[in-house]
Amino acid sequence: MDRLDRIILAHGGGGVLMRDLIRDVIAAPLANDALAQLGDSAILPVAQPNSAGRPATGEGARATGRIAFTTDTYVVQPVFFRGGDIGRLAVAGTVNDLAVVGAAPLALSLGFILEEGLPIADLRRIVASIRDTADEAGVRVVTGDTKVVGAGAADGIFINTSGIGVVPDGIDLGPSRITPGDAVLVNGGIAQHGVAILSEREGLAFETPVASDAAPLNGLIAACLAAGEVHFMRDATRGGLAAVLNEMAQDGGLTVEIDERAVPVDPAVAGACDLLGLDPFTVANEGKVVVVCAASDADSVLAAMRAHEQGRAAAVIGRVTEGHRLQTTGGTPTERTAGGTPESGRVVLRTVFGGARTLEMPYGEDLPRIC
Ligand code: MG
């Protein structure tokens, strides 16, 4: 049997396999205009109910605002790790998916799947971490659900969080807003989360232990939005920086040039990646956001990041290059500019040795159950 007739671990890796699974098997049968955004959160116009008490939609509906809606499920193993735990991830991850579409997080739901035998003390510790992280983000858990399954039917604890947020008027972010010349920034050292989880799992002790970067970024992101003309943002989770940059390049139909020397990698993380045979560009983060902004605002957005606790090591890591924009029509990329070239929709890495190579979209999974 073809192995791809069944789900394999790599389908969860944030790469090509996962993208194709989501598009073909899940999103296609459910197709609608909100789902088709396939963004970190769906953005929905909210209209006054009509006289029949139903939300008015379509022609003539008077939109009074926009909400962002997202959901995420957390299966990380181990549940507790240096720099965080499954509870911190479950809040930060969902808050970040709201924040990167420009929404102010409003409320979260919390769904637990608990395995028979899980120590109540572990659950208490996780709930305390959820509370602390929610306080840090300024968001409340307002509804939830708890299911218990028999021993062996799950692995300790799985968590689902959904989140809603309010999108302020005037916010317009997305790959179609990315413009040639734009600057590409990241708020600090990459690959920390993946390395922290793997070292925990493998019982590796490095001279300088690596802690996960799991953190809510809504404060930092709000500061970026206030500091300049931001065109696009995405948090670099599974698939790492390489996946976000490739999604951005492909969806925007543009070439993204990254200067490898400018990408912050903590020396301890770089050392661990060398030892473990990992490429930091494809390793997961849980507190890193890629921000694309107008080149003229790069300095002010960078300053806003660096002024924030989660952005001390922020850097401008590259730029969007000219003349390669494609337009996507009905899923088929078509040339918009006469000068479109095969360079379109790709990420070029200017290496430390002065050469250039394509930074590929990761295919599958380096590390399963990372988040
Ligand atoms: Mg995301």
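The structure we're discussing is the one just above.
Only a predicted model underlies this, so the values are computations on that prediction, with no experimental measurement involved.

Colleague: Which residues make up the overall build of the protein chain, and what values do they have?
Modeller: When you go through the protein chain residue by residue, the secondary structure sums to 8 helices and 16 strands. Out of the 371 residues belonging to the protein chain, those deemed buried represent 49%. Of the contacts made within the protein chain by residues no fewer than 6 positions apart, 81% connect residues no fewer than 24 positions apart. Total accessible area computed for the protein chain in this model is approximately 17400 Å², and 53% of it derives from carbon and sulfur atoms.

Colleague: Tell me what's going on with the pattern of salt bridges, and back it up with residues and numbers.
Modeller: Inspection of the entire model under this criterion finds 12 salt bridges. Across the pair Glu136 and Arg88 runs a salt bridge, and its minimum N-O distance is 2.9 Å. Residue Glu136 is located in helix α3 (residues 120–137), and its partner Arg88 is located in helix α2 (residues 86–99); the two are separated by 48 residues in the primary sequence. Taking relative accessible area as the criterion, Glu136 reaches 42% and is therefore assigned partly exposed. A salt bridge links Arg261 to Asp259, with the nearest nitrogen and oxygen atoms 3.4 Å apart.

Colleague: Describe in detail the sheet that holds strand β9 (residues 230–235), supporting the description with residues and values.
Modeller: An order of β9-β11-β8-β12-β10-β15-β16 is seen for the 7 strands of this open sheet, with the pairing classed as mixed. The open sheet has two edge strands, β9 and β16 (356–358), and neither has a second partner. Along the sheet, successive strands turn relative to each other by an average axial angle of 25°, direction set aside. In terms of strand pairing, β9 meets strand β11 (residues 289–293) through 5 bridges, oriented antiparallel. Within the sheet, the bridge partner assigned to Asp235 lies in β11 and is Val289. Where helix α8 (residues 298–306) meets the sheet, it contacts β8 (183–186), β11 and β12 (315–321), and its direction lies at approximately 5° from that of β8.

Colleague: Explain the environment of Ala262 to me, and be specific about the residues and the numbers.
Modeller: With respect to the helices and strands, the residue Ala262 is situated in the loop between β10 (255–259) and α7 (267–276). Each C-alpha atom, one on Ala262 and one on Val186, is 9.9 Å from the other, the two residues being 76 residues apart in sequence. In contact with Ala262, other than residues within four places in its own chain, are Ala315, Val316 and Ile317.

Colleague: Give a detailed account of the coordination of the magnesium ion, specifying residues and quantitative values.
Modeller: Taken together, Asp40 (OD), Asp97 (OD) and Asp235 (OD) make up the protein donors of the magnesium ion, found 2.2 Å from the metal. All donors to the magnesium ion come from one chain, and their sequence spacing reads D-x56-D-x137-D. A residue pair is termed long-range when its members are at least 10 positions apart, and Asp40 in the loop between α1 (16–27) and β1 (42–47) and Asp235 in strand β9 qualify at 195 residues. One exposure class covers both Asp40 and Asp235, and it is buried.

Colleague: Give a description of α7 that names residues and reports values.
Modeller: Of the residues making up α7, those classed as buried are Ala268, Val269, Ala272 and Cys273. With its buried residues spanning 135° around the axis, α7 presents them on a single face. Exposed and oriented more than 90 degrees from the buried face of α7 are Pro267, Asp274 and Leu275. As for α7, its buried residues are in contact with α4 (192–202). Within two residues after α7, Gly277 carries a phi angle of roughly 70°, on the positive side.

Colleague: Give a detailed account of the packing of aromatic side chains, specifying residues and quantitative values.
Modeller: A full pass over the atoms with the stated rule returns 0 aromatic pairs. For Arg125, the ring lying beneath its charged end belongs to Phe80, and the centroid distance is 3.7 Å.

Colleague: Give a description of the packing of helix α5 (residues 218–227) against α8 that names residues and reports values.
Modeller: Relative orientation of the contacting elements α5 and α8 amounts to 155°, with a least axis distance of 8 Å. Compared by their axis directions, α5 and α8 come out roughly antiparallel. At the point where α5 passes α8, the crossing takes the right-handed sense. Between α5 and α8, the residues in contact are Leu220, Ala223, Cys224 and Ala227 and Ser300, Val301, Ala304 and Met305, respectively. A breakdown of the residues in the contact of α5 with α8 according to their chemical character gives 7 nonpolar, 1 polar and no charged.

Scoring rules and cut-offs
- Residues numbered from 1 in each chain as written.
- Predicted model: local features only at pLDDT ≥ 70, side-chain atom pairs only at ≥ 80, totals over all residues.
- Heavy atoms only, no water.
- Helix = DSSP H or I, 4+ residues; strand = E, 2+ residues; numbered from the N terminus.
- Buried < 20%, exposed > 50% of the residue type's maximum accessible area, 1.4 Å probe, protein only.
- Contact = heavy atoms within 4.5 Å.
- Areas by Shrake-Rupley, 256 points an atom, 1.4 Å probe, with all protein chains shown as cover.
- Salt bridge = Lys/Arg side-chain N within 4 Å of Asp/Glu carboxyl O.
- Pairing = 2+ DSSP bridges.
- Axes fitted to C-alpha atoms, helices over the stretch in contact; angles between N-to-C directions.
- Donors = N, O, S within 2.8 Å, 3.2 Å for Na, K, Ca; no water.
- Arc of directions from axis to C-beta.
- Phe/Tyr/Trp six-rings, centres within 6.5 Å; stacked < 30°, edge-to-face > 60°.
- Lys NZ or Arg CZ within 6 Å of the ring centre and 35° of its normal.
- Parallel < 35°, antiparallel > 145°, perpendicular 65-115°, else oblique.
- Left-handed = near helix turned anticlockwise from the far one by under 90°.
- Nonpolar A, V, L, I, M, F, W, Y, C, P; charged D, E, K, R; others polar.

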